[in-house]
Amino acid sequence: QVQLVESGGGLVQPGGSLRLSCSASTISFSIYNMTWYCQAPGKQRELVASITIDGRTNYGDSVKGRFTISRDNVRKTVYLEMNNLKPEDSAVYLCKAHSVIFNLEFWGKGTLVTVSS
């Protein structure tokens, strides 16, 4: 069992920045691909950004050029640097850990991001 705890959300003005963190409880963090999703009220969960165990990244179209995902395997943490935030970025941001080898998947409970003036 892997516990994921997201942090760093909050209220920010349009054009502002936030850095989200997702910390994992497992010593095997390096074997997990990590993904950030967002879910706004009444909308489906959307992929924001992902990073594989070897550092390859992928981004949703709406955040390309504005968000950056990174990971620190020593600190067992994945980060989401969010710049030039827009009101439509407002959502709960959740992280997921996925091991292809062991076919395991774990989710955090999310952190709320609100972009408003």
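Presented here is a report on the structure given in the accompanying data block. Given the structure is predicted, the values throughout are model-derived calculations rather than measurements. (Residues numbered from 1 in each chain as written. Predicted model: local features only at pLDDT ≥ 70, side-chain atom pairs only at ≥ 80, totals over all residues. Heavy atoms only, no water.)

**Description of the pairing of strand S4 (residues 33-39)**
Part 1 of the reasoning: With 6 of 7 residues buried, S4 lies mostly within the body of the structure.
Part 2 of the reasoning: Pairing between S4 and strand S9 (residues 91-99): 7 bridges, direction antiparallel. Each residue of the ladder has a partner; that of Thr 35, found in S9, is Lys 96.
Part 3 of the reasoning: Direction of pairing for S4 relative to strand S5 (residues 46-51): antiparallel, over a ladder of 5 bridges. Counted as the bridge partner of Trp 36 is Ala 49 from S5.
Part 4 of the reasoning: Where S4 folds back onto S5 in an antiparallel hairpin, the turn is made up of 6 residues, including Gly 42, whose phi is positive at roughly 75 degrees. (Buried < 20%, exposed > 50% of the residue type's maximum accessible area, 1.4 Å probe, protein only. Helix = DSSP H or I, 4+ residues; strand = E, 2+ residues; numbered from the N terminus. Pairing = 2+ DSSP bridges.)

**Thoughts on the layout of surface pockets**
Part 1 of the reasoning: By volume, the largest pocket is sized at about 230 Å³.
Part 2 of the reasoning: Around the largest pocket, the lining comprises 20 residues; the ones closest to its centre are Cys 38, Glu 46, Ser 62, Glu 88 and Asp 89.
Part 3 of the reasoning: Secondary-structure elements contributing two or more residues to the lining of the largest pocket are S4, S5 and S9.
Part 4 of the reasoning: For the lining of the largest pocket, the leading source of residues is S5, giving 3 residues.
Part 5 of the reasoning: Of the residues assigned to the lining of the largest pocket, the class counts are 8 nonpolar, 5 polar and 7 charged. (1 Å grid on protein atoms, 1.4 Å probe; cavity = no way out; pocket = protein on both sides within 12 Å on 5 of 7 lines; lining within 4 Å. Points joined across faces, edges and corners; volume = space filled by probe spheres on them. Nonpolar A, V, L, I, M, F, W, Y, C, P; charged D, E, K, R; others polar.)

**Re unusual backbone geometry**
Part 1 of the reasoning: One non-glycine residue, Asn 84, adopts positive backbone phi at about 50 degrees.
Part 2 of the reasoning: Here Asn 84 shows up in the loop between strand S8 (77-82) and S9.
Part 3 of the reasoning: Residue classification places Asn 84 among the partly exposed positions, given a relative accessible area of 43%.
Part 4 of the reasoning: In this structure, Asn 103 takes a positive phi of about 50 degrees despite not being glycine.
Part 5 of the reasoning: Along the chain, Asn 103 turns up in the loop between S9 and strand S10 (104-107).

**Comments concerning the sheet that holds strand S3 (residues 18-24)**
Part 1 of the reasoning: Here 4 strands make up an open sheet; going across it, the order is S1-S3-S8-S7 and the pairing antiparallel. The outermost strands of the open sheet, each flanked by one partner alone, are strand S1 (4-7) and strand S7 (67-72). Each adjacent strand pair in this sheet contributes to an overall mean axis angle of 15 degrees, direction not counted.
Part 2 of the reasoning: Note: S3 against S8, 6 bridges, orientation antiparallel. Directly across from Ser 21, in S8, lies its bridge partner Tyr 79. (Axes fitted to C-alpha atoms, helices over the stretch in contact; angles between N-to-C directions.)

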